[in-house]
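Geometric and topological summary
Residue strings, one per chain:
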Amino acid sequence: MKRANDSKRTYMLITIPILALFVCFNTVPLIHGVIYSFTNFKGFGDYDWVGLRNYMDLFTDPRIGNSYLFTIKLAIVATIVTNVISLILALGLNSKIKGKTFLRAAYFVPNVLGALVVGYIFQYIFTYILPELGKMIGSETLSASLLSNTNLAWIAIVVVCAWQNIAMNTIIYISGLQTVPEDVYEAGDLDGATGWKKFRYLTFPLIIPFFTINMVLCVKNFLMVFDQIMAMTQGGPAQSTESISYLIYQNGMEGGSFGYQSANAVVFFIVIVAISVAQMSISGRKEEQL
């Protein structure tokens, strides 16, 4: 009995400081942000209460609308690209090939690098190296920097986001593939299942929970994209790659619209939570059906 009480006391001593830090650096700032969203606070000085005016203005601000459209488009495309490539890589790295341990480590390197560092590296590539290659092969599109093209700059952002996130997704898919019993494949071989049918009817249904995790993480991360845009385009050209997170930072921290962008952040938070819950619910129903 005494040992049980000592264990509970130990767990409490571990949990309470972490909970206190979480409340101080997460919950309290969140509450402050919600409060500021009902004011005209500029980030300094005095402020007045404006009620729901900030929230009403959000729905009539074309810049806010464009940032949401860009962010959602990027999140959808990057999520699809990331998961397709990650799953293909995971299938290859989970097979019986030589040097797969080294290859797994090599593919994980992009995830170790900081997003800002990766962004600056790719900015140099898209600005100087790729245009030179475009001139060599005679491609008019690639001869100029993609980052200066209002129609193609978002593709460069997708490439960088996917390149860095593929690593973690691949690891998660490999973990899922390793949970599939060999007996399942043996039974599939007896039934004549090969190639695509084996993946569709045997492998994929059994790794649905891992697929769900990757989809939720990808959508959340890509909706909150900031570092890559900060390093590569800073929302340009002509605000064509201005994500919601970058807009909140630029106008809230530097533009003197702290209260207005706090309202934007609250709405954005609700959107992310709603999308994540919807994803989990849909995936949960599919798992039950399988």
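Preceding this paragraph is the structure being described.
Since this is a predicted model, take the numbers as computed values, not measurements.

Parameters and conventions
- Residues numbered from 1 in each chain as written.
- Predicted model: local features only at pLDDT ≥ 70, side-chain atom pairs only at ≥ 80, totals over all residues.
- Heavy atoms only, no water.
- Helix = DSSP H or I, 4+ residues; strand = E, 2+ residues; numbered from the N terminus.
- Buried < 20%, exposed > 50% of the residue type's maximum accessible area, 1.4 Å probe, protein only.
- Areas by Shrake-Rupley, 256 points an atom, 1.4 Å probe, with all protein chains shown as cover.
- Lys, Arg positive; Asp, Glu negative; His and termini not counted.
- Charge placed at Lys NZ, Arg CZ, Asp CG, Glu CD.
- Contact = heavy atoms within 4.5 Å.
- Polar contact = N/O pair within 3.5 Å; in protein donor to acceptor, adjacent residues only side chain to side chain.
- Axes fitted to C-alpha atoms, helices over the stretch in contact; angles between N-to-C directions.
- Parallel < 35°, antiparallel > 145°, perpendicular 65-115°, else oblique.
- Left-handed = near helix turned anticlockwise from the far one by under 90°.
- Nonpolar A, V, L, I, M, F, W, Y, C, P; charged D, E, K, R; others polar.
- 1 Å grid on protein atoms, 1.4 Å probe; cavity = no way out; pocket = protein on both sides within 12 Å on 5 of 7 lines; lining within 4 Å.
- Points joined across faces, edges and corners; volume = space filled by probe spheres on them.
- Salt bridge = Lys/Arg side-chain N within 4 Å of Asp/Glu carboxyl O.
- Core = buried A, V, L, I, M, F, W, Y, C linked by side-chain atoms within 4.5 Å.

A look at the overall build of the protein
Regarding its fold elements, the protein presents 12 helices and zero strands. By its C-alpha atoms, the protein is 80 × 75 × 35 Å across when sized along the principal axes. Sorting the 290 residues of the protein into buried and exposed places 35% on the buried side. Element-wise, carbon and sulfur atoms account for 67% of the exposed surface of the protein, whose accessible area totals about 17300 Å². When the 19 positive and 17 negative side-chain charges of the protein are each reduced to one mean point, those points stand 8 Å apart.

Details of the environment of Glu-242
When you line up the elements, Glu-242 lands in the loop between helix H10 (227-232) and helix H11 (244-254). For the pair formed by Glu-242 and Ile-64, sequence separation is 178 residues and the distance between their alpha carbons is 9.3 Å. With near-sequence residues (within four places) excluded, Glu-242 lies in contact with Arg-63, Ser-67, Phe-70, Thr-71, Gly-235, Leu-247 and Gln-250. A distance of 2.6 Å separates the side chain of Glu-242 from the side chain of Arg-63, its partner in a polar contact.

Concerning the packing of helix H5 (residues 115-137) against helix H6 (residues 153-177)
The N-to-C vectors of H5 and H6 enclose an angle of 135 degrees; their axes lie 11 Å apart at closest approach. One finds that H5 runs oblique with respect to H6. As for how H5 packs across H6, the hand of that crossing is right-handed. Contacts from Ala-115, Val-118, Phe-122 and Phe-126 of H5 reach H6 at Ala-156, Val-159, Val-160, Trp-163 and Gln-164. Across the contact of H5 with H6, the residue classes tally to eight nonpolar, one polar and no charged.

Details of empty space enclosed by the protein
Scanning the entire structure with this criterion turns up one cavity of 30 Å³ or more. Estimated volume of the largest cavity: approximately 30 Å³. Lining the largest cavity, in full, are Leu-93, Arg-104, Tyr-107, Phe-108, Ala-167, Thr-170 and Ile-171. Elements that contribute at least two residues to the lining of the largest cavity include exactly helix H4 (100-112) and H6. Residue composition of the lining of the largest cavity, by class: five nonpolar, one polar and one charged.

A short note on the layout of surface pockets
Approximately 730 Å³ is the volume found for the largest pocket. Of all elements in the fold, only helix H1 (2-36), H11 and helix H12 (258-289) reach the threshold of two or more residues within the lining of the largest pocket. Per-element tally for the lining of the largest pocket: the top contributor is H12, with eight residues. Of the residues contributing to the lining of the largest pocket, the split by class is 15 nonpolar, six polar and no charged. What the second largest pocket holds in volume is close to 350 Å³. Looking at the second largest pocket, it is lined by 14 residues, and the ones nearest its centre are Leu-91, Asn-94, Ser-95, Glu-182 and Tyr-185. Elements with a contribution of two residues or more to the lining of the second largest pocket: helix H7 (182-190) and helix H8 (195-206). Broken down by element, the lining of the second largest pocket gets its largest block of residues, four residues, from H8. The residue inventory of the lining of the second largest pocket, partitioned by class, reads five nonpolar, five polar and four charged.

Looking at the pattern of salt bridges
When the charged atoms of two side chains with opposite charge come close together, those side chains can pair. Scanning all chains against the criterion turns up two salt bridges. Salt-bridge contacts for Arg-63 lead to Glu-242; the nearest nitrogen and oxygen are separated by 2.6 Å. Taken together, the residues Arg-63 in helix H3 (residues 62-93) and Glu-242 in the loop between H10 and H11 connect sequence positions 179 residues apart. Looking at Arg-63, the relative accessible area reads 24%, which means it is partly exposed. Lys-135 is the partner of Glu-132 in a salt bridge, and the nearest nitrogen-oxygen pair spans 3.8 Å. Of this pair, Glu-132 and Lys-135 both sit in helix H5, separated by three residues, roughly a single helical turn.

Topic: the nonpolar core
Core analysis: the largest hydrophobic core is formed by 36 residues, its most contacted members being Leu-58, Leu-74, Phe-126, Phe-222, Met-232 and Phe-268. Looking at this core, the elements that each hand over two or more residues are helix H2 (53-58), H3, H5, H6, helix H9 (208-223), H10, H11 and H12. Residues contacting Leu-74, with those up to four places away along its chain left out, are Ile-157, Val-158, Phe-222 and Val-225. With 10 residues, the next largest nonpolar core counts Leu-87, Ala-90, Leu-93 and Val-180 among its residues.

In short, the description is geometric, and any link to function would need to be established separately.
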